[in-house]
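Coordinate inspection notes
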Amino acid sequence: IHSFCKKDDHNKENLFNSLNYDVAAKKRKKDLLNNKAKIQYFHQEKWIYVHKGSTKERHGYCTLGEAFNRLDFSSAILDSRRFNYVVRLLELIAKSQLTSLSGIAQKNYMNILEKVVQKVLEDQQNIRLIRELLQTLYTSLCTLVQRVGKSVLVGNINMWVHRMESILHWQQQLNNIQITRPAFKGTTLTDLPLCLQLNIMQRLSDGRDLVSLGQVAPDLQVLSEDRLLWKKLCQYHFTDRQIRKWLILSDKGQLDWKKMYFKLARCYPRKEQYGDTLQLCRHCHILSWKGTDHPCTANNPETCSTSLSPQDFINLFRF
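Residues numbered from 1 in each chain as written. Predicted model: local features only at pLDDT ≥ 70, side-chain atom pairs only at ≥ 80, totals over all residues. Heavy atoms only, no water.

1. Quick notes on the packing of aromatic side chains
Going by this rule: A pair of Phe, Tyr and Trp rings is counted when the ring centres sit within 6.5 Å of each other, with Trp represented by its six-membered ring. The angle between the planes then sorts it: under 30 degrees is stacked, over 60 is edge-to-face, the rest tilted. Each helix is a run of H or I in the DSSP string that is no shorter than four residues. Each strand is a run of E no shorter than two, and both are numbered from the N terminus. Remark: exposure states derive from per-residue accessible area (1.4 Å probe, protein chains only) relative to the maximum for the residue type, with buried under 20%, exposed over 50%, and partly exposed in between. Charges are assigned to positions over rings by a cutoff of 6 Å between ring centre and Lys NZ or Arg CZ, combined with an angular limit of 35 degrees from the ring normal.
In the structure shown here, the tally under the stated rule is 10 aromatic pairs. Ring centres of W230 and F262 lie 5.6 Å apart, and the angle between their planes is 50°; this geometry places the pair in the tilted category. Of the two residues, W230 is situated in helix α13 (residues 227–237) and F262 in helix α15 (residues 257–267); the sequence distance between them amounts to 32 residues. Using a relative accessible area of 25% as the deciding quantity, one classes F262 as partly exposed. Put simply, the rings of F68, F73, Y85, Y109, Y274, W289 and F313 pair up and form one aromatic cluster. Its guanidinium or amino end placed over the ring of F83, K119 lies 4.9 Å from that ring's centre, counting from NZ or CZ. Directly above the ring of W160 sits R163, whose terminal nitrogen or CZ lies 4.5 Å from the centroid.

Here you go:
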């Protein structure tokens, strides 16, 4: 400080400008990482440690927003085995956990959602699934924005209005999708024997997909009304006790399994299955995707992993 005071004003001014430049550069770097809408906040590690028990330490460090930032969902949506899992997780967060996300986590959420929409627009698959997700998110935001004076959302109200406009734009894009027929002129589903067509239908786990498939061709319409097909679908998703509570008879006096399925689906959650899920290591309490290396001290880490459903993931961060 003493040597600096002895220098002339010119040197002082140069030093002052240099300090201002350093501060401005750091601010621009921070704004680029945290405030630019299209930039996602990345972490080198693709796993996170989940503390044991509901303690203040756990609540202060391992939050839902922190986990959402660390678990590389941007790459997960590009994997067909993980896509439905991530979409279901986004839907659960949209329903009740938006206010639990930090500002950065909310930006990551919207960025990942935009990538999901762009993927669906490109490959024209899972359109109904993403429509339902966007509608759920928009409905939740309408409710939360009305209560913004009570500090239920992080960020400026104008920012959230802009995000809601983006959601409406994405919905319009999905509604304007025109499914194009492939140029391939080979064997189609209706060219297969009836037993194979029925076998393929039995592997669909959503009744709405069966209804949509039945609208493709008259022959598929007949197969999609098969009673045994809907019976297996009911037994797959619902327990015997739930089925007995909602028995519906047709005009012929037989059980109408199709009507029962849609009635049960409105009353009870359907069974969920995913190709790949998040894993929680019981030994070291680290949360990660399957196949992700983490610092586990167990002799056989694979035997310590437990698969988590999207709802189980949410429940980890409830206090």
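2. Some thoughts on the pattern of salt bridges
Note the cut-off: What makes a salt bridge here is a side-chain nitrogen of Lys or Arg within 4 Å of a carboxyl oxygen of Asp or Glu, nothing more.
Going through the model one piece at a time under the given rule, you end up with 14 salt bridges. In this structure, R81 engages D79 in a salt bridge whose closest nitrogen and oxygen atoms are separated by 2.9 Å. Under the relative-accessibility criterion, R81 is labelled partly exposed at 49%. Across the pair D79 and R82 runs a salt bridge, and its minimum N-O distance is 4.0 Å. For D79, a relative accessible area of 17% puts it in the buried group. When its relative accessible area of 14% is taken as the criterion, R82 is described as buried. Beyond isolated ion pairs, a larger network of salt bridges with shared partners links R128, E132, D206, R208, D209 and R270.

3. Looking at the pairing of strand β3 (residues 286–289)
As a reminder, the rule being used: Strand pairing is assigned whenever DSSP detects at least two bridges linking the two strands.
Neither face of β3 is exposed, since I286 and S288 on one face and L287 and W289 on the opposite face are all buried. In the sheet, strand β1 (residues 47–49) pairs with β3 via three bridges, with the strands oriented antiparallel. Pairing of Y49 across the sheet is with I286, part of β3. In this structure, strand β2 (residues 278–281) lies alongside β3, joined through three bridges in antiparallel fashion. Looking across to β3, one finds that L278 is bridged to W289.

4. Observations regarding the sheet that holds β3
Defined as follows: Working convention: axes come from line fits to C-alpha atoms, limited for helices to the stretch in contact. Angles between N-to-C directions cover 0 to 180 degrees.
The antiparallel open sheet is built from four strands, whose spatial order is β1-β3-β2-β4. A strand with exactly one partner marks an edge of an open sheet, and here the two such strands are β1 and β4 (305–308). Taken over all neighbouring pairs, the strand axes of this sheet differ in orientation by 25° on average, direction set aside.

5. Concerning the packing of helix α8 (residues 127–146) against helix α9 (residues 157–175)
Worth spelling out the cut-off: Geometric relationships in this document are graded by angle, where less than 35 degrees denotes roughly parallel, more than 145 denotes roughly antiparallel, 65 to 115 denotes roughly perpendicular, and other angles denote oblique. By definition, turning the near helix anticlockwise from the far helix through less than a right angle yields a left-handed crossing, and turning it clockwise yields a right-handed one. It only takes one pair of heavy atoms within 4.5 Å for two residues to be counted as in contact. Each residue gets one label: Ala, Val, Leu, Ile, Met, Phe, Trp, Tyr, Cys and Pro are nonpolar, Asp, Glu, Lys and Arg are charged, and the others, such as Gly, are polar.
With their axes 10 Å apart at the nearest point, α8 and α9 run at an angle of 155° to one another. By the angle class used here, α8 and α9 are roughly antiparallel. Considering how the two elements wind past one another, α8 and α9 form a crossing that is left-handed. Every residue of α9 that contacts α8 at I127, I130, R131, L134, Q135, L137, Y138, L141, C142 and V145 is listed here: I157, W160, M164, I167, L168, W170, Q171, L174 and N175. Classifying every residue of the contact of α8 with α9 gives 15 nonpolar, three polar and one charged.

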